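# Coordinate analysis (summary)
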Amino acid sequence: MAYGGYEQGGAAPRSYRAIKILLAGGFGVGKTTLVGAVSEIRPLRTEEPLTESSAGMDNTVGVERKTTTTVAMDFGRITLREDLVLYLFGTPGQERFWFMWDELAVGALGAVVLADTRRLADCFPAIDYFERREIPFIIALNCFDGARRYSAEDVRIALDLDPGLPIVICDARSRESAKEVLIALVEHVLSVADEPVSR
């Protein structure tokens, strides 16, 4: 059995590549759900119950039934090939935990900004964060039951996004939908890497 890139029993080391992807967005947008839906391992979660003391800090409009919050990160893993592993890191959504983002972003290949059309403004901090650090990202619109649907172009205008930035519709509960989001991100990262550097 392989462990940490090495075979047990003294066999020669097996090299593999690890790709780090971030999932960011506002509070209650579905980051923990998406990591759990797509991870091949039981995801690491750092969720804690919401308390009365957080009532004044956490905007629960639209997610009134939410009882927990991520305080550090979510972590999941997907093996794409024998020599290629994707590590997913979900960031905390509340402003008081944003200091974690700098640590989580180190070495990230790209990011998915998960958005909820009921609270679209909540994804602005994540968009700003990745634009400032020049980390390639895409927008994934998580479709919540009963929420009004908007076209990708309407969302692009509302968020003032570049025409080439991918926007995908998803259901964070669905493994197949989550995989499509990650595929879109990897394709975007590859296309950005192929672009000539402007001088």
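First, a word on what this report is: a plain description of the structure on this page. (Residues numbered from 1 in each chain as written. Predicted model: local features only at pLDDT ≥ 70, side-chain atom pairs only at ≥ 80, totals over all residues. Heavy atoms only, no water.)

## Brief notes about the packing of aromatic side chains
Short version of the rule: Between the rings of Phe, Tyr and Trp (Trp by its six-membered ring), a pair exists once the centres lie within 6.5 Å; its type follows the angle of the planes, with under 30 degrees stacked, over 60 edge-to-face, and the other angles tilted. Helix numbering and strand numbering both begin at the N terminus, where a helix is a DSSP run of H or I of at least 4 residues and a strand a DSSP run of E of at least 2. Any Lys NZ or Arg CZ found within 6 Å of a ring centre and within 35 degrees of that ring's normal is scored as a charge over the ring.
Under the defined criterion, the tally for this structure stands at four aromatic pairs. Aromatic pair Phe75 and Tyr87: ring centres 5.6 Å apart, planes at 25°, arrangement stacked. A residue pair is termed long-range when its members are at least 10 positions apart, and Phe75 in strand E5 (residues 68–81) and Tyr87 in strand E6 (residues 84–90) qualify at 12 residues. Each residue in the set Phe75, Tyr87 and Phe89 is aromatic and connected to the rest through ring pairs, giving one cluster. Lying over the aromatic face of Phe89, Lys20 brings its terminal NZ or CZ to 4.9 Å of the ring centre.

## Section: the layout of surface pockets
Filter applied, for reference: Of the grid points, spaced at 1 Å and generated over the protein atoms alone, those admitting a 1.4 Å probe that cannot get out make up cavities, while open sets with protein on both sides within 12 Å along at least five of seven lines make up pockets; any residue with an atom within 4 Å of a point is treated as lining. Grid points are joined across faces, edges and corners, and a volume is the space filled by probe spheres set on the points. Lys, Arg, Asp and Glu make up the charged group, whereas Ala, Val, Leu, Ile, Met, Phe, Trp, Tyr, Cys and Pro make up the nonpolar group; the residues left over, Gly among them, are polar.
One number sums up the size of the second largest pocket: a volume of about 370 Å³. In terms of lining residues, the second largest pocket is bounded by 13 residues, among which Pro136, Asp162, Leu165, His188 and Val192 are the most central. Among the secondary structure elements, those contributing two or more residues to the lining of the second largest pocket are helix H3 (124–132) and helix H5 (175–194). Partitioning the lining of the second largest pocket into residue classes produces seven nonpolar, two polar and four charged.

## Topic: unusual backbone geometry
Which entries qualify depends on this criterion: Throughout this description, buried means an accessible area under 20% of the type-specific maximum (1.4 Å probe, protein chains only), exposed means over 50%, and partly exposed covers the range between.
The phi angle at Glu134 is positive, at roughly 55°, despite the residue not being glycine. Looking at the secondary structure, you find Glu134 in the loop between H3 and strand E8 (137–142). By relative accessible area, which is 72% here, Glu134 ends up exposed. Residue Asp160 is not a glycine yet carries a positive backbone phi of 55°. By secondary structure assignment, the location of Asp160 is in the loop between helix H4 (152–159) and strand E9 (167–170).

## Considering the pattern of salt bridges
Pairing is possible between side chains of opposite charge, provided their charged atoms come close. Rule in force here: Here, a salt bridge means any Lys or Arg side-chain nitrogen found within 4 Å of an Asp or Glu carboxyl oxygen.
Under the defined criterion, the tally for this structure stands at 10 salt bridges. With a shortest N-O distance of 3.6 Å, Arg133 and Asp102 are connected by a salt bridge. Taken as a pair, Arg133 in the loop between H3 and E8 and Asp102 in helix H2 (residues 99–105) lie far apart in primary sequence, 31 residues in all. A salt bridge links Lys179 to Glu176; the shortest N-O distance between them is 3.3 Å. Residue Lys179 and its partner Glu176 are located together in helix H5, separated by three residues, close to a single helical turn. Glu176 sits in the partly exposed class, given a relative accessible area of 49%. One continuous salt-bridge network, built from bridges that share partners, spans Asp116, Arg118, Arg119 and Asp122.

## Re the nonpolar core
Heads up, the rule is: We define a nonpolar core as any set of buried Ala, Val, Leu, Ile, Met, Phe, Trp, Tyr and Cys residues linked to one another through side-chain atoms lying within 4.5 Å. Residue contacts are counted whenever heavy atoms from the two residues lie within 4.5 Å of one another.
Core analysis: the largest hydrophobic core is formed by 27 residues, its most contacted members being Leu22, Val113, Ile127, Phe130, Phe137 and Ile139. When residues of this core are traced back to their parent elements, those giving at least two are strand E3 (17–25), H2, strand E7 (110–115), H3, E8 and H4. With near-sequence residues (within four places) excluded, Leu22 lies in contact with Phe89, Leu104, Ala105, Ala108, Gly110, Ala111, Val112 and Phe130. Among the nonpolar cores identified, the runner-up in size contains 24 residues, and Val38, Val112, Ala140 and Val181 belong to it.

## Digging into the pairing of E9
On a regular strand, one side chain projects to one face of the sheet and the next to the other, so that they alternate. Operational definition: Strands are treated as partners if at least two bridges between them are detected by DSSP. Handedness of a crossover is defined as follows: orient the strands so they point away from the viewer, and if the path from the first strand over the helix to the second runs clockwise, the crossover is right-handed.
Pairing geometry for E8 and E9, over four bridges, is parallel. Directly across from Leu141, in E9, lies its bridge partner Ile169. With respect to chirality, the unit in which E8 leads through H4 into the neighbouring parallel E9 is right-handed.

## Describing the state of the cysteines
Note the threshold: Pairs of cysteine sulfur atoms within 2.5 Å are identified as disulfides in what follows.
Inspection of every chain in the model, using the stated rule, returns zero disulfides. Here Cys170 is not disulfide-linked; the sulfur of Cys143 is the nearest cysteine sulfur, at 6.6 Å. Under the relative-accessibility criterion, Cys170 is labelled buried at 3%.

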